[in-house]
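Each chain, letter by letter, is given below.
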Amino acid sequence: MSDEIAQAFGHPTERAKATADGAPLDRISMTDHIREVEIGAFQAERGVTQKIRFDVVVEVETRAESAVDDVDRILSYDTIVEAIDASLAAERVNLLETLAARIADAIMEHPLAARVFVRIGKLDRGPYTLGVEIVREAPKGRRRLRLLAEAVPHPIVVFLSGAAIARRDLSQLLDRIEETGAPVILCVDAPDLPAPRAAHAMPQRRIALLAIEQSAWVLAARDPRCVVVNSRTELDWAMKQGQISVWAPSKLVLDAVEGPGSDVTDPLPLAAWLADAFEARALLNFSELDVEAEVPVTTFAPDAMPDVAALS
């Protein structure tokens with residue numbers, strides 16, 4: 001077997017050794033870490049878990065003999081496990097490549113990480129292992145540190161009923177909310193129309209989410225500042241840009257590891273779930289009715305004009 005083939009099929013440690021540039025760096029590794037994960041792009045892979053194996057090798061800047069037996073001065077094995085845990089908990093992913101990249105990026109946030117190899121394999125798809133292996137390297141001359149200034153801002157989440165969406169003074173209401181200076185995410189009620197009925201819970205769940213998204217597009221048509229978004233990345237970017245987002249919930253809800261539960265027919269608890277996930281500074285409810293939710297909700301009549309600045 002050639003050296004190139006041996007590197008391709010050997011443990012990531014062998015590839016790390018073979019591709020070292022200059023003096024070899026110290027390495028820490030984790031081998032045969034098995035987890036049950038819901039992952040996959042096919043419909044048959046939703047709602048079930050698969051056995052996934054993780055092998056990770058991290059090259060570190062600090063040489064072992066300089067660590068002086070002090071755990072605070074090394075890149076700990078916990079860094080690898082925490083990166084895997086955080087990547088799995090963030091949201092459901094379709095591709096092993098995406099999961100591997102997120103784990104690698106999380107590990108490379110550590111200031112001592114110089115290079116990381118991540119190999120992930122699906123063990124249940126046949127009498128073989130299906131997998132990917134990636135390598136990521138820290139930028140030359142600097143360590144990647146997570147800056148406090150880059151923290152995601154805390155938004156105001158606003159729930160709008162159908163009557164609130166139809167308000168004549170909707171633009172003025174949005175003006176007042178924008179005056180708080182906080183990012184704004186608008187959540188909407190489902191339209192008051194008959195919805196198709198499916199014989200199974202999962203299709204019915206999707207139908208309910210799509211109904212809410214119909215209202216999102218109706219709202220977007222009423223004011224050019226309202227932009228429909230459906231992913232965490234889009235919401236994060238929009239908040240940093242000061243853009244008003246209208247949340248289309250299907251992707252986040254269906255991909256959530258710890259979602260709002262199977263009943264997504266009530267959009268207000270969905271808004272409360274989103275507010276909790278983004279650590280919102282306020283959740284404003286513009287609705288005809290008082291509705292109990294999992295987080296505190298301030299309720300207003302559809303035509304009321306609250307002093308939202310006082311609530312921010």
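Cut-offs used in this document
Residues numbered from 1 in each chain as written. Predicted model: local features only at pLDDT ≥ 70, side-chain atom pairs only at ≥ 80, totals over all residues. Heavy atoms only, no water. Helix = DSSP H or I, 4+ residues; strand = E, 2+ residues; numbered from the N terminus. Buried < 20%, exposed > 50% of the residue type's maximum accessible area, 1.4 Å probe, protein only. Contact = heavy atoms within 4.5 Å. Pairing = 2+ DSSP bridges. Salt bridge = Lys/Arg side-chain N within 4 Å of Asp/Glu carboxyl O. 1 Å grid on protein atoms, 1.4 Å probe; cavity = no way out; pocket = protein on both sides within 12 Å on 5 of 7 lines; lining within 4 Å. Points joined across faces, edges and corners; volume = space filled by probe spheres on them. Nonpolar A, V, L, I, M, F, W, Y, C, P; charged D, E, K, R; others polar.

Colleague: I'm lost on unusual backbone geometry in this one. Help?
Modeller: What is expected of a backbone is that most residues other than glycine have negative phi and most peptide bonds are trans. Unusually for a residue other than glycine, D32 sits at a positive phi of about 55 degrees. With respect to the helices and strands, D32 occurs in strand β1 (residues 26-37). Even without being glycine, E279 reaches a positive phi, approximately 50 degrees. Structurally, E279 can be placed in the loop between α10 (267-277) and β9 (282-286). E279 sits in the exposed class, given a relative accessible area of 53%.

Colleague: Would you explain the environment of K251 in this entry?
Modeller: Tracing the backbone shows K251 in helix α9 (residues 250-255). Distance from K251 to V229, taken between C-alpha atoms, is 9.8 Å for residues 22 residues apart in sequence. Beyond its immediate chain neighbours, meaning those up to four positions away, K251 contacts N230 and S231.

Colleague: Would you explain the pairing of strand β6 (residues 184-188) in this entry?
Modeller: Side-chain positions along a regular strand alternate between the two faces of the sheet. Burial analysis of β6 places five of its five residues in the buried class, which makes it a mostly covered element. Relative to β6, strand β5 (residues 156-160) is paired through five bridges, and the arrangement is parallel. Each residue of the ladder has a partner; that of F159, found in β6, is C187. With three bridges joining them, β6 and strand β8 (residues 244-247) adopt parallel strand pairing. Pairing of L186 across the sheet is with V246, part of β8.

Colleague: Before we go on, may I ask you to explain the pattern of salt bridges in this structure?
Modeller: A full pass over the atoms with the stated rule returns 16 salt bridges. Salt-bridge contacts for R53 lead to D32; the nearest nitrogen and oxygen are separated by 3.9 Å. You can see R53 sitting in strand β2 (residues 50-60) and its partner D32 sitting in strand β1, a full 21 residues away along the chain. Of the residues examined, R53 reaches a relative accessible area of 26% and is grouped as partly exposed. The structure contains a network of salt bridges with shared partners spanning D175, E178, D223 and R225.

Colleague: Looking at this structure, I do not really get empty space enclosed by the protein. What am I missing?
Modeller: Unoccupied space between atoms shows up once a probe the size of one water molecule is rolled over them. Inspection of the entire model under this criterion finds one cavity of 30 Å³ or more. When its volume is computed, the largest cavity comes out at roughly 40 Å³. Around the largest cavity, the lining residues are C187, V188, I212, W247, P249, P267, L270 and A271. Where the lining of the largest cavity is concerned, the elements lending two or more residues are β6 and α10. In terms of residue count, the dominant contributor to the lining of the largest cavity is α10 (three residues). Looking at the lining of the largest cavity residue by residue, the class counts come to eight nonpolar, no polar and no charged.

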